[in-house]
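Read off the chains here:
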Amino acid sequence: DAMDVITDPEVDAVWICSPSQFHADQIKACAANGKHVFCEKPIATDLAETVEAINEMNEAGLKLMIGLQRRFDQNFIRVKKAIIDKEVGDTIMVKLCSRDPAPPPFEYVKGGGGIFNDMAVHDLDMTRFLVGEDPIDILSVGSCHIDKSIEVLDGSEAFDTAACILRYPNGVQAMVDVCRQSSYGYDQRAEVLGTKGMIATDNVYPNTARLFKTDFTGNADMPYDFFLQRYNEAYVTETIAFCESLVNDTPVPCTGEDGLVALVMSIAADMSAAENRWVKFSEVVNSVYCSTPTECELVAQSDVFPEGFRPASDATELLVPDVDAQKEGKEARSGWKTRVAKFLRKNK
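Residues numbered from 1 in each chain as written. Predicted model: local features only at pLDDT ≥ 70, side-chain atom pairs only at ≥ 80, totals over all residues. Heavy atoms only, no water.

It is worth spelling out the packing of helix α4 (residues 74-84) against helix α6 (residues 115-131) at this point. Look at α4 against α6: their axes get within 9 Å of each other, and the N-to-C directions meet at 35 degrees. Contact residues: F76, V79, K80 and I83 in α4; M126, F129 and L130 in α6. Residues belonging to the contact of α4 with α6 are distributed by class as follows: six nonpolar, no polar and one charged. (Axes fitted to C-alpha atoms, helices over the stretch in contact; angles between N-to-C directions. Helix = DSSP H or I, 4+ residues; strand = E, 2+ residues; numbered from the N terminus. Contact = heavy atoms within 4.5 Å. Nonpolar A, V, L, I, M, F, W, Y, C, P; charged D, E, K, R; others polar.)

Both strand β13 (residues 288-292) and strand β14 (residues 295-298) contribute to a ladder of four bridges, which runs antiparallel. Its bridge partner lying in β14, C290 is registered against C296. Connecting β13 to the antiparallel partner β14 that follows it, the hairpin turn spans two residues. (Pairing = 2+ DSSP bridges.)

For the rest of this paragraph, the subject is the packing of aromatic side chains. Taken as a whole, this structure holds five aromatic pairs when the rule is applied. Taken together, W15, F38 and F242 form an aromatic cluster joined through their ring pairs. Across the ring face of W278, the terminal group of R167 is positioned such that the distance to the ring centre comes to 3.8 Å. (Phe/Tyr/Trp six-rings, centres within 6.5 Å; stacked < 30°, edge-to-face > 60°. Lys NZ or Arg CZ within 6 Å of the ring centre and 35° of its normal.)

The periodicity of an α-helix, 3.6 residues per turn, causes residues three or four positions apart to be oriented the same way. The terminal C-alpha atoms of helix α9 (residues 256-275), which comprises 20 residues, lie 29 Å apart, in line with the 28 Å expected from a rise of 1.5 Å per residue. For α9, the tally of buried residues reaches 15 of 20 residues, placing the bulk of the element in the interior. A positive phi of about 55 degrees marks N276, the residue just after α9. (Expected span 1.5 Å × (residues − 1). Buried < 20%, exposed > 50% of the residue type's maximum accessible area, 1.4 Å probe, protein only.)

Scanning the model with the defined rule gives one disulfide in all. A sulfur-sulfur separation of 2.1 Å characterises the disulfide bridge that pairs C290 with C296. As the torsion about the S-S bond is roughly 100 degrees, the C290-C296 disulfide counts as right-handed. Since its relative accessible area comes to 10%, C290 is described here as buried. Of all cysteine sulfurs, the one in C39 lies closest to C30, which takes part in no disulfide; the gap is 8.9 Å. Cysteine C144 remains unbridged, with the sulfur of C179 as its closest cysteine sulfur at 9.5 Å. (Disulfide = S-S within 2.5 Å.)

Nothing here speaks to function; it is geometry throughout.
As structure tokens, then:
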């Protein structure tokens, strides 16, 4: 039982890799029992519950790291380095594609939250990781080409193919395309166009052998066809990073805030496809109201705004500072306490 681990006095940290619907409650239980947490994305399937879980960890002074493993893949890390070092100049455009070898079963897709939440969220997060800024708005579309049986499902669960355009500050654009089937193997690539050049990644193959024939020239074998093979090194690297953070008491490299913003991005993408329009990410953030850092609700589910409601424009405004920010004596960017203090001063 999960609680046997969470309540064990000999346990200092917990890895949460359970089904998504259990994540938030298990994170909250860890916070109550003084356990640091590594949690696979998502933190929760509900935005308000996500904020509550993060804030409970932050208020308890515990580390929370989110498993967005592509940030630890050496291919994407090299692209990020090129951006930081200005090897391609100033970023103009980012492109990402994510195409699975075969579609998942109907039972997986049903209730999974749709293609933006269970698949494209990794690519959306990667655009933010590479650009190094929070996005402004998004336009998304979706369709079904591979498995027609899912067309009976609701919303973006009926899509097996989707595309997104994101706008970032300074006119930077990002484009994402995802598909649940790729006949040539697991297709995960990135490209960044800058003012001085371009950098791109290729797929990962089990070997470097190439075949040369009269009718074919190319890799002798297909790319890896399973995500555990493709990202095996990245999973190991992120695990080591979390352990080093605990041992050395350093900030985790992928925070609760990163997990929250990734969820906001996927929700906005879903909303855009459903409503056929550009959606500002602040619209999604505005839908959450917190009477305290650990008591939140979605105001969109109510016809009456809660007393004292003031919409947040940035996801970080919903969070209290994490443990590392507290140690440095800093508030999170426009954090929850700062926002409340400003409101109280304004309304004296």
